[in-house]
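Residue-level structure breakdown
Residue-level listing of the chains:
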Amino acid sequence: MRLCRYQYENKISCGFYSEDKILPLAAAAEMAGLELDEQGGLIPFLPGGSQRDACLSVEKQLKQAMDEELFPISVMTDEVQLLVPIPTPSKLMLLAGNYSKHIEEGGGKAEERQKTFPYVFMKPPLTTLTHPGHPVVIPEVSPDHIDWELELGIVIGKTCKGVSEAEALNYVAGYTVINDISDRKFRPNPGRTEREKDGFFDWLHGKWHDTFCPMGPCITSSDEIPDPQTLKMKLSVNGNVEQDASTAEMIFPVAAIIEFISSYVRLEPGDVIATGTPSGVGASKNKFLKHGDELKAEIENIGVLQNPVD
């Protein structure tokens, strides 16, 4: 099951997602003789959600209608505005350095999992999250070193604190595609007096520019991806493939990430965790985004997230 949020004829709705068409969830439920409440967004319809069973019942009856080619309620995907699947997560957390080849292409040395721990940082969700098809805006304050980072996004479905790696996937609602846009050389007040931690905060603040976290186009429910460590990933700029990897290359897999973060932070339904990027970022090639570029970020079994650069 893939679910999306979208806007059509000035109305925001939830739907069953495919690349060519979207089936409105409320209309599909009505056809099935059921009623679903969309006020809570997508989380209630995903594993762990209060309306999950009803959504599964709708999907089952919908598949029968699909077999009979009954699609009077569908809308074409290219006729709607796809929206960020989780518009207001209480936490938008991301990992740095979770693929060894990405660490090495940046001049670092990757340590074995047993000798280190996940590096977690946050982005301000309301100003960085960007809808599919909406532009990544190059900041005037620092325009010359803007980079891409394709990442698998985890969407939490149930409250968890202190869960084990063995239990962790039971708390996942689903997965989405995230592009962690980064300003590689943001340096406020260049005439400043250097302090010990300036480099770290330059790096961190370079993650925070407006529009710097495109997400979507949908969420694939976790029961459709029982093993999130087997997914192919690909990112292209203007049709040229820049990143081509697999989630199997993660140093810390999804379950270990959840175990680590939940050991000190309570995770809530709708929280989003981006799991780090593989090798192939622009900084390693001295290639950076410019006005007019087109980004295409794809993860197997989820979908394609496309954004222009403005």
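Below you will find a few notes about this structure. Position numbers for residues start from 1 in each chain and track the written sequence from start to end. Two thresholds apply to this predicted model, a pLDDT of at least 70 for residue-level local features and 80 or more for giving and counting side-chain atom pairs, whereas whole-chain, interface and lining totals are computed over all residues. Calculated side-chain values reflect all of the structure's heavy atoms, with hydrogen atoms and water omitted.

**A closer look at the packing of aromatic side chains**
Stacked, edge-to-face and tilted are the three classes for Phe, Tyr and Trp ring pairs, Trp counted by its six-membered ring, which pair at centre distances within 6.5 Å; planes under 30 degrees apart are stacked, over 60 edge-to-face, the rest tilted. Summed over all chains, the structure comprises six aromatic pairs. Between the aromatic rings of Phe 117 and Phe 260, the centroid separation amounts to 5.9 Å while the plane-to-plane angle is 25°, which identifies the pairing as stacked. On the criterion of sequence distance, the pair formed by Phe 117 in the loop between helix H3 (100-105) and strand E7 (119-122) and Phe 260 in helix H7 (residues 254-262) is long-range, its members being 143 residues apart. Summary of the burial criterion: residues with accessible area below 20% of their type's maximum are buried, those above 50% are exposed, and those between are partly exposed, where the area comes from a 1.4 Å probe applied to protein chains only. Overall, Phe 117 belongs to the partly exposed group, its relative accessible area being 46%. Accessibility expressed as a relative area gives 23% for Phe 260, which makes it partly exposed. When the centroid spacing of 5.1 Å and the interplanar angle of 75° are considered together, the rings of Phe 200 and Phe 201 count as edge-to-face. With relative accessibility at 46%, the residue Phe 200 sits in the partly exposed group. For the purposes of this entry, the term helix denotes a DSSP run of H or I that reaches at least four residues, the term strand denotes a run of E that reaches at least two, and both are numbered from the N terminus.

**Here's the deal with unusual backbone geometry**
Negative phi values dominate among residues other than glycine, just as trans dominates among peptide bonds. In this chain, Gly 216 is followed by Pro 217 through a cis amide linkage whose omega measures 0°. With respect to the helices and strands, the residue Pro 217 is situated in strand E13 (residues 213-221). Even without being glycine, Asn 189 reaches a positive phi, approximately 50°. Assignment of secondary structure puts Asn 189 in the loop between strand E12 (182-183) and helix H6 (198-205). By relative accessible area, which is 54% here, Asn 189 ends up exposed. With phi around 55°, Asn 286 is a residue other than glycine that occupies positive phi space. Take Asn 286: it is sitting in the loop between strand E16 (272-274) and strand E17 (294-299). Residue classification places Asn 286 among the exposed positions, given a relative accessible area of 63%.

**Some thoughts on the pattern of salt bridges**
For this document, the term salt bridge refers to a Lys or Arg side-chain nitrogen within 4 Å of an Asp or Glu carboxyl oxygen. Overall, the coordinates contain 18 salt bridges when judged by the stated rule. Ionic pairing is found between Lys 91 and Asp 271, a salt bridge with its closest N-O pair at 2.9 Å. Highlighted residues: Lys 91 in the loop between strand E5 (81-83) and strand E6 (92-96) and Asp 271 in the loop between H7 and E16, separated in sequence by 180 residues. Between Glu 242 and Lys 285 there is a salt bridge, with its nearest N and O atoms 2.5 Å apart. Of this pair, Glu 242 sits in strand E15 (residues 240-246) while Lys 285 sits in the loop between E16 and E17, and the two are 43 residues apart along the sequence. A residue is classified by how much of its surface remains accessible, and Lys 285, at 33% relative accessible area, is partly exposed. The network of salt bridges with common partners includes Lys 123, Asp 147, Glu 149, Asp 180, Arg 184 and Lys 207.

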